[in-house]
Amino acid sequence: MNLEELSQLKETAISEAKAASNVHEIEDVRIKYLSRKGVMPSVMKNLKNVAPEDRGVFGRTANELKNELTTILATAKDSMASADADASDFDFTLPGEWKNTGKSHPISMVIDSVVEVFSKIGFTVAEGQDIEDRYHNFEALNTPMYHPSLDQLDTFWFNDSQLLRTQTSPVQIRVMESQKPPVRIVTPGRCYRRDTTDATHSANFHQIEGLYVDENVSLADLKSVLAYFAKEVMGKDVKVRFRPHFFPFTEPSVECDFSCHVCGGKGCRVCKGSGWIEIAGAGMVDPRVFECVGYEGVTGFAFGMGIERIAMIKYGIPDIRFLYENDARFLNQF
Ligand code: DAH
């Protein structure tokens, strides 16, 4: 080895020593350079082969390198030991510092609680898609082309056939197309309508849909399931009533009201004096819908309700827009 090679070695060795970032790496570098069979002792042994006029400088440089490596490694090891000592002083049982972690939005809270109530009686969650086609959102739901909801003014259309779904009902069709009966699902999700925003309307809102299909399912089953749901969300004193209604995809169709949770049915501002609050649309699945999905020999019921509406009733929120403004002063109350 000559002087030039030694100075190259010096550069590598020092950068390796400085790069060692844990006790194992430090020890590896020490063994490689400073141990008895390491690089430095063999460099020293090589001294006699160095040209006589260079020997002085070579010896001094090699010694300096050895000392420098020893110092770098010892310092690194010390600082690691003191870091360990700091860690061992730390009391892991102390309570942590409380950080604002965020929490569920009231819409999510309502969806979660509705899903939980239905999952207790065997309903599973099915998810659909926000971008739907005319067939699933309307036609297969027995909604004829001249129905006013297909109007350009009510629905966000992308083109002649694609649209933002106006209801969660198309998920019924997609589920029945993809599986045989029996079916017992709830499907929460976003819906879109070209409504002008005001205190009770939003162009983007959420619904949860339910579908129960099997042999011999009757209107009495629908009524008992919705009555069970009412008691779970509103408490055991709530009363439920059905009013005849019309939906294209159910026959007969009903609207389901819960007795007002504020006045208990006497009549107040919240229920506009009627004692009842409209909660869900529902009915027996129309045979035309079963025809579209190829189901035979079964009956079923379906229902759909607005999540925002339930949130507003449950939490006494006076204006739907609060739910979308992301104002922390509002959201922190839940
Ligand atoms: N899709 C209806 C709406 O948006 C709600 C609805 C009514 C859903 C009756 C149903 C049903 O499944 O049976 O107004």
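For the structure itself, look to the data block above.
Here is what the cut-offs are and how they apply
- Residues numbered from 1 in each chain as written.
- Predicted model: local features only at pLDDT ≥ 70, side-chain atom pairs only at ≥ 80, totals over all residues.
- Heavy atoms only, no water.
- Core = buried A, V, L, I, M, F, W, Y, C linked by side-chain atoms within 4.5 Å.
- Buried < 20%, exposed > 50% of the residue type's maximum accessible area, 1.4 Å probe, protein only.
- Helix = DSSP H or I, 4+ residues; strand = E, 2+ residues; numbered from the N terminus.
- Contact = heavy atoms within 4.5 Å.
- Salt bridge = Lys/Arg side-chain N within 4 Å of Asp/Glu carboxyl O.
- Polar contact = N/O pair within 3.5 Å; in protein donor to acceptor, adjacent residues only side chain to side chain.
- Axes fitted to C-alpha atoms, helices over the stretch in contact; angles between N-to-C directions.
- Parallel < 35°, antiparallel > 145°, perpendicular 65-115°, else oblique.
- Nonpolar A, V, L, I, M, F, W, Y, C, P; charged D, E, K, R; others polar.

1. Some thoughts on the nonpolar core
And step 1. In terms of nonpolar packing, the biggest core is built from 44 residues, with F118, L222, F258, F301, F303 and M305 touching the most fellow members.
And step 2. For this core, the leading source of residues is helix α5 (residues 106-119), giving 7 residues.
And step 3. Setting aside residues up to four positions removed in sequence, L222 forms contacts with F242, V254, A282, G283, F301, A302 and F303.

2. Describing the pattern of salt bridges
And step 1. Enumeration according to the criterion identifies 14 salt bridges in this entry.
And step 2. Notably, a salt bridge pairs D257 with R241, separated by 2.8 Å at the nearest N-O pair. Of this pair, D257 sits in strand β7 (residues 250-259) while R241 is found in strand β6 (residues 240-247), placing the two residues 16 residues apart along the sequence.
And step 3. A relative accessible area of 2% places D257 in the buried class.
And step 4. By relative accessible area, which is 29% here, R241 ends up partly exposed.
And step 5. Put simply, R321 and D319 hold a salt bridge, and the shortest N to O gap is 2.9 Å.
And step 6. Note on R321: relative accessible area 34%, which makes it partly exposed.
And step 7. Sharing partners across several salt bridges, the network here consists of R241, R243, E255, D257 and E278.

3. Things to note about the side chain of E255
And step 1. Relative to the elements of secondary structure, E255 occurs in strand β7.
And step 2. We classify E255 as buried; its relative accessible area is 10%.
And step 3. Here H245 takes part through its side chain, which lies 3.5 Å from a polar atom of the side chain of E255.
And step 4. The residues contacting E255, other than those within four sequence positions of it, are R241, F242, R243, H245, F247, E278, A280 and G281.

4. Digging into the packing of helix α1 (residues 3-19) against helix α2 (residues 23-34)
And step 1. Here α1 crosses α2 at 155°, and the two axes come no closer than 8 Å. By the angle between their axes, α1 is roughly antiparallel relative to α2. Here L9, T12, A13, E16, A17 and A19 of α1 come into contact with α2, specifically with E25, V29, K32 and Y33.
And step 2. Considered class by class, the residues forming the contact of α1 with α2 number 6 nonpolar, 1 polar and 3 charged.

Everything listed here is a matter of geometry and, on its own, says nothing about what the molecule does.
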